[in-house]
Amino acid sequence: MLTVDSIDVYYGNIHALKGASFHVEEGEIVALIGANGAGKSTTLKTVSGMMHPRSGSIHFLGEDITKTDSYKLPSKGLAHVPEGRRIFAQMTVMENLEMGAYIHKKLSQDDLALVFERFPRLKERRSQIAGTLSGGEQQMLAMGRALMCRPKLLMMDEPSMGLAPILVEQIFEIITRLHAAGTTILLVEQNAEMALQIADRAYVLESGRVTLTGTGRELAQSEAIKKAYLGG
């Protein structure tokens, strides 16, 4: 579904991604793990068109999207839940969800019903100003907004960041249910233990390079990964 081949990405003179390559097959959960500053968020921003690589290529569903502008990608089936949620804080929950469906000519009540089924809390708070939601509710809203564009691939950047442990568990349960319902997921997550538990495959990023790959189970059992990321 997604092939990222040897991309080099720069912030000015800073070489953020150095020949990074990975792929996502339809129906998988693929995790990108690594320390702060490893290039995880930069990878997602590059795939979703907010940044463009200086070299290398990105293909989605067989189409070269290396230089495609970000606003064109949701209509191709690619959605990005950014780090920090980035909801429209002054708008209501319902208005945020409507913004997620902007690529469709008409708001689908079926799409809305599905989001409310997956996130009952959002239905309860549909008229509430989004900025007044709790952190967990805001993360649910960011995910629900992305689902309104009917993504084939859902990319999530640090969905558990800043949440209490019980909410982290809830968010990962939701991710697992979304996957079970047929959504392919690319997950950037600093909580490596939780990410590896649900990932079919995972890649380790270090200083902008992919240094290790394997199944979630293989990496979770790796002594090097335990030492570096799992507190083992």
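Residues numbered from 1 in each chain as written. Predicted model: local features only at pLDDT ≥ 70, side-chain atom pairs only at ≥ 80, totals over all residues. Heavy atoms only, no water.

Asks: Account for the overall build of the protein, naming residues and giving values.
Replies: Across its full length, the protein holds nine helices and ten strands. Its C-alpha atoms give the protein a radius of gyration of 17 Å, near enough to 17 Å, the size a compact globule of 232 residues would have. On the principal axes, the C-alpha backbone points of the protein span a range of 45 × 40 × 30 Å. Buried residues in the protein amount to 50% of all 232 residues. Sequence separation of at least 24 residues holds for 65% of the intrachain contacts in the protein that already meet a minimum separation of 6. With an accessible surface of roughly 10900 Å², the protein has 49% of that area assigned to carbon and sulfur atoms. (Helix = DSSP H or I, 4+ residues; strand = E, 2+ residues; numbered from the N terminus. Rg over C-alpha atoms; globule rule 2.2 N^0.38 Å. Buried < 20%, exposed > 50% of the residue type's maximum accessible area, 1.4 Å probe, protein only. Contact = heavy atoms within 4.5 Å. Areas by Shrake-Rupley, 256 points an atom, 1.4 Å probe, with all protein chains shown as cover.)

Asks: Any chance you could break down the sheet that holds strand E8 (residues 184-188) for me, citing the residues and the numbers?
Replies: Taking strand neighbours across the sheet as the criterion, the six strands line up as E6-E7-E8-E3-E9-E10 in an open arrangement whose pairing is mixed. Each end of this open sheet is capped by a strand with a single partner; those strands are strand E6 (78-81) and strand E10 (209-215). The mean inter-strand angle of the sheet, taken between neighbouring strand axes irrespective of direction, is 15°. Bridging between strand E7 (residues 153-157) and E8 involves five bridges; their strand directions are parallel. From the neighbouring strand, Asp157 faces E8, where its bridge partner is Val188. Across the sheet, helix H5 (residues 135-147) is in contact with E6 and E7; its angle to E6 comes to roughly 170°. (Pairing = 2+ DSSP bridges. Axes fitted to C-alpha atoms, helices over the stretch in contact; angles between N-to-C directions.)

Asks: I'd like to hear about the pairing of E8, residue by residue, with values.
Replies: Of all five residues that make up E8, five are buried, and the element is covered over most of its length. Pairing of strand E3 (residues 29-33) with E8 involves four bridges; the strand directions are parallel. Within E8, the residue paired with Ile29 across the bridge is Ile185. With respect to chirality, the unit in which E7 leads through helix H6 (residues 165-180) into the neighbouring parallel E8 is right-handed. (Right-handed = clockwise from strand over helix to strand, strands pointing away.)

Asks: Tell me what's going on with the packing of aromatic side chains, and back it up with residues and numbers.
Replies: Think of a pair of aromatic rings as described by two things: how far the centres are apart, and how the planes are tilted against each other in angle. Summed over all chains, the structure comprises one aromatic pair. Judged by centre distance (5.7 Å) and plane angle (55°), the rings of Phe22 and Tyr203 are tilted. Pair noted here: Phe22 is in strand E2 (residues 14-24) and Tyr203 is in strand E9 (residues 201-206), with a separation of 181 residues, a long-range link. There is no split in this pair, since Phe22 and Tyr203 are both buried. One cation-aromatic arrangement involves Arg54 over Tyr10; the distance from NZ or CZ to the ring centre is 3.7 Å. (Phe/Tyr/Trp six-rings, centres within 6.5 Å; stacked < 30°, edge-to-face > 60°. Lys NZ or Arg CZ within 6 Å of the ring centre and 35° of its normal.)

Asks: Outline the nonpolar core, listing residues and values.
Replies: Residues Met143 and Leu154 are the most contacted members of the largest nonpolar core, which totals 45 residues. Other than its neighbours up to four places away in sequence, Met143 contacts Val81, Phe119, Met156, Ile171, Ile174, Ile175 and Leu178. (Core = buried A, V, L, I, M, F, W, Y, C linked by side-chain atoms within 4.5 Å.)

Asks: Tell me about the packing of H5 against H6, residues and numbers included.
Replies: At a minimum axis separation of 10 Å, H5 and H6 run at an interaxial angle of 15°. On the basis of the axis angle, H5 is roughly parallel to H6. Once H5 is placed against H6, the crossing between them reads as right-handed. Taken together, the residues of H6 that come into contact with H5 (itself represented by Gly136, Gln139, Met140, Met143 and Leu147) are Leu167, Gln170, Ile171, Ile174, Ile175 and Leu178. (Parallel < 35°, antiparallel > 145°, perpendicular 65-115°, else oblique. Left-handed = near helix turned anticlockwise from the far one by under 90°.)

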